[in-house]
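# Tertiary structure, described
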Amino acid sequence: MASLYLHCTAPPSSKLRPSLHPLLSKPAPFISHARRSHRHPLRASSSDSDSPNRRNVLLGLGGLYGATSLISTDSASANPVQAPELDKCGAATNLNNQQILDVNCCPPVTGDIIDYKLPTFYKLRTRQSAHRLNPTDVFKYNLAIQRMKELPEDDPRSFMQQAFIHCAYCNGAYNQPGQGELDIQVHNSWLFFPFHRWYLYFYERILGKLIDDPTFALPFWNWDNPKGMTIPPIFLDPKAAIYDAKRNPDNLKAVVDLGRTGNKDPMQLVTNNLTVMYTEMVRGNADVYDFMGKPYREGTPVNPGPGSSERGSHTALHVFVGDPREPSGEDMGNFYSAGRDPLFYCHHANVDRMWTLWKDVLPKDKVPTKDITDPDYLNASFLFYDENAQLVRVYVRDSLDTRKMGYDLQRIDLPWLDYRPPVQTALARIKRTTSFFPKVFSVFPLNLTKVVRFEVQKAKKGKADELLVLEDITVDTTKFLKFDVFVNDEDDNPLELDKAAYAGTYAQVPHKAPKKTSTTSIRLRLTDLYEDMDIGDDDSIVVTIVPRHSGPGVTIGGIKIIENPNKA
Ligand code: C2O
């Protein structure tokens, strides 16, 4: 396997410059947090940040935040989404038929909630690539999962209770406190990265405690590197505790398909994958919300909009692993069951790693700031059980730095970081003379069921910093849906993504939402693409949208090109 990947990623030579990054360059700090912990009775969760007047005034704006998805200002605050009230946990619902699941995802309700304070530690845990784990670490990992599976079912740290956490926060078991029937949903918004970071944090600490090893760290599935682009082999041993039978049998040893193109050629898949990574991490984002996801506050309807990493590589791997023989793609292919596959946590350890890399490693000149400073983001909270089965409340603001949380990452080359396509002058020239494509106004609103191609006016002639905005994307949340966007794509082979013309992706993991549809928008930064294709001086571009799912499920209200309002 390894040699295949080495061969297929070697040329073109300049594309793959291995880069080393200083993630582990500093010695582990000794961290001591002096904050006191406050005890709250179970139901007091909605009291801290309630200012009723302000909240009521802004409640009516909740819908506005959801619909006007271009809002990306720190001043439009209402209140943060609050941690759920566990004693009001209700039935979770399955996606396909909106029927109530035959499992109860609600956690046991016990005692008081403590505001969590990050503990003191002496040594950072180091998360390593699952493809490089040594046999001792593999043994420990399996032992820890085995012990988790042996805990009594009603222990909040048990394997199924941990899996239910994902179900409860993602399948409508919780309402937003004080917001009537409005669900809490931790996907498709700016809560995506922080929620999953906290979820893995406690999962990791519970596993460490079960094997009495405070340095235990979850491995990450290094799917962004050619050497990690298969399911890590340690997950394939049917006798191992980390094994799960509900996975797509065709993909157990296949090269991952981050672009969901359906291409079967492993070499083409690797280059597609690197292009997807480069586009969603480096080239396609104009501000922090494009990467992290859209604002989601108290009163905001669910699914305001996913960031580029969530909708791209993250979604693709859920669907890649989930078993198509199961009714809802269980386990990984569906939010309610994803946590039942130990591979889920390994996948998400890499998703979490992408957040760290985006913040720490990516060139600073791409976006004005890498941090969301909005108090409604920083003060959003969740509830988890810690390694001692204590119920704790955690805040987004305490999850921003993994080193303060006690863990760091093995350093691995990032071959996608420099994977910028070569300038395609010749192709762009041919396209410039074409005039037979329909104009944008004649195509939208669009019910996306087949490949469409149309011409859009650029905002400005010359080397402008511009964004392609796809507005009012309405999706059926119960389906896997995906489409790719290309600009001036001449060769028209949708199985290949490794070209300058690939501008970005929308995709979602099937999940339940109250209305079955939700509406969002996405922005794709075109600035580098113009340069790569040498089309900055054109008046217009030709956009191609390629659906990757079959049948209906997506409508797009409109498309336009605007100047980048947040220049770095
Ligand atoms: Cu909470 Cu990858 O999903």
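Calculation criteria
- Residues numbered from 1 in each chain as written.
- Predicted model: local features only at pLDDT ≥ 70, side-chain atom pairs only at ≥ 80, totals over all residues.
- Heavy atoms only, no water.
- UniProt positions renumbered as here; feature names shortened; annotations may be inferred.
- Helix = DSSP H or I, 4+ residues; strand = E, 2+ residues; numbered from the N terminus.
- Buried < 20%, exposed > 50% of the residue type's maximum accessible area, 1.4 Å probe, protein only.
- Contact = heavy atoms within 4.5 Å.
- Pairing = 2+ DSSP bridges.
- Polar contact = N/O pair within 3.5 Å; in protein donor to acceptor, adjacent residues only side chain to side chain.
- Salt bridge = Lys/Arg side-chain N within 4 Å of Asp/Glu carboxyl O.
- Axes fitted to C-alpha atoms, helices over the stretch in contact; angles between N-to-C directions.
- Disulfide = S-S within 2.5 Å.
- Phe/Tyr/Trp six-rings, centres within 6.5 Å; stacked < 30°, edge-to-face > 60°.
- Lys NZ or Arg CZ within 6 Å of the ring centre and 35° of its normal.

Per an unreviewed UniProt entry, the protein chain is named Tyrosinase copper-binding domain-containing protein, and its organism is Salvia splendens. For the protein chain, the Sequence similarities (unreviewed entry) comment in UniProt is given as "Belongs to the tyrosinase family."

Bringing the UniProt feature "binding site: Cu cation A" (unreviewed entry) in the protein chain into the picture now. Mapped onto the present numbering, the UniProt feature "binding site: Cu cation A" (unreviewed entry) falls on His166, His187 and His196. In summary, the annotated positions, though distributed over 31 residues, converge in three dimensions, the widest C-alpha pair being only 10.3 Å. Tracing the backbone shows His166 in helix α5 (residues 159-170). Owing to a relative accessible area of 0%, His166 belongs among the buried residues under this scheme. Not counting chain neighbours up to four residues away, the residues in contact with His166 comprise His187, His196, Tyr199, Phe335, Ala338 and Phe344. Here His196 is to be found in helix α6 (residues 192-210). Apart from residues lying up to four places away in sequence, His196 is in contact with His166, Val186, His187, Phe344 and His348.

This part covers the pairing of strand β11 (residues 502-508). Summarising burial for β11: seven of the seven residues are buried, a large majority. In terms of strand pairing, strand β10 (residues 481-487) meets β11 through six bridges, oriented antiparallel. Paired with Leu481 across the two strands is Gln508, which belongs to β11.

Counting buried residues along strand β9 (residues 466-476), eight of its 11 residues qualify, which places the element largely inside the surrounding structure. Across nine bridges, β9 lies against strand β14 (residues 554-563) in antiparallel orientation. Bridging across to β14, Leu468 finds its partner in Ile561. Of the strand pairs in this sheet, β9 and strand β12 (residues 517-525) are connected by eight bridges, and their pairing is antiparallel. When the bridges of β12 are listed, Leu470 appears paired with Ile522.

Turning to the side chain of Arg197, a few remarks are in order. By secondary structure assignment, the location of Arg197 is in helix α6. Engagement of the side chain of Arg197 in a polar contact is seen with the side chain of Asp352, the distance being 2.7 Å. If sequence neighbours within four positions are ignored, Arg197 has contacts with Asp352, Trp355, Thr356, Ser399, Leu400, Asp401, Thr402, Met405 and Tyr407.

This paragraph deals with the pattern of salt bridges. Under the definition given, this model contains 28 salt bridges. The shortest N-O distance in the salt bridge between Arg127 and Glu204 comes to 2.7 Å. Residue Arg127 is located in strand β3 (residues 125-127), and its partner Glu204 is located in helix α6; the two are separated by 77 residues in the primary sequence. Glu204 shares its class with Arg127; the two are buried. The partner of Glu531 in a salt bridge is Arg420, with the nearest N and O atoms 3.3 Å apart. Taken together, the residues Glu531 in helix α14 (residues 527-533) and Arg420 in the loop between β6 (407-409) and α13 (425-432) connect sequence positions 111 residues apart. Overall, the relative accessible area of 49% leaves Glu531 in the partly exposed class. A single network of salt bridges, built from pairs that share partners, joins Arg127, Arg197, Glu204 and Asp352.

Okay, the sheet that holds β10 next. The strand order across the open sheet built from four strands is β8-β13-β10-β11, with neighbouring strands paired in antiparallel fashion. Sheet topology places β8 (452-457) and β11 at the edges, where each strand pairs with a single neighbour. Ignoring strand direction, the axes of neighbouring strands in this sheet form an average angle of 20 degrees. Two strands pair when backbone bridges link them, and β10 and strand β13 (residues 540-547) are joined in this way by five bridges, in the antiparallel orientation. Across the sheet, Phe483 pairs through a bridge with Pro547, a residue of β13.

Scanning the model with the defined rule gives two disulfides in all. The partner cysteine of Cys89 in its disulfide is Cys106, sulfur to sulfur 2.0 Å. Since a negative S-S torsion denotes a left-handed disulfide, the Cys89-Cys106 link at about -85 degrees is left-handed. Linking Cys89 in the loop between α3 (62-67) and β2 (113-115) with Cys106 in the loop between α3 and β2, this pair joins segments that are 17 residues apart in sequence. What pairs with Cys105 in a disulfide is Cys167, and their sulfur atoms sit 1.8 Å apart. Judged by the torsion about the S-S bond (55 degrees), the Cys105/Cys167 disulfide is right-handed.

Take the packing of aromatic side chains next. For the structure shown, the criterion picks out 30 aromatic pairs. With a centroid separation of 5.3 Å and 85 degrees between ring planes, the pair formed by Trp198 and Tyr201 is classed as edge-to-face. With Trp198 and Tyr201 both in helix α6 and three residues apart, this pair spans about one turn of that helix. Of the two residues examined, Trp198 and Tyr201, each falls in the buried class. Between Tyr199 and Tyr345, the aromatic rings sit 5.6 Å apart at their centres with planes inclined by 75 degrees, giving edge-to-face as the arrangement. On the criterion of sequence distance, the pair formed by Tyr199 in helix α6 and Tyr345 in helix α11 (residues 342-360) is long-range, its members being 146 residues apart. Residue Tyr199 shares its accessibility class with Tyr345, and that shared class is buried. Just above the ring of Trp358 sits the side chain of Lys370; from NZ or CZ to the centre is 5.6 Å.

Before going further, it helps to examine the UniProt feature "binding site: Cu cation B" (unreviewed entry) in the protein chain. If you check UniProt for "binding site: Cu cation B" (unreviewed entry), the listed places come out as His314, His318 and His348 in our numbering. A maximum C-alpha distance of 9.9 Å among these annotated residues, which run over 35 residues, shows that they cluster at one spot. Not counting the four nearest positions on each side in its chain, His314 is found in contact with Phe192, Ser309, Phe335, His347, His348, Val351 and Val509. Among the polar contacts made by the side chain of His314, one reaches the main-chain carbonyl oxygen of Glu310 at a distance of 3.0 Å. Structurally, the position occupied by His318 is in helix α9 (residues 308-321). Judged by its relative accessible area of 0%, His318 falls in the buried class.

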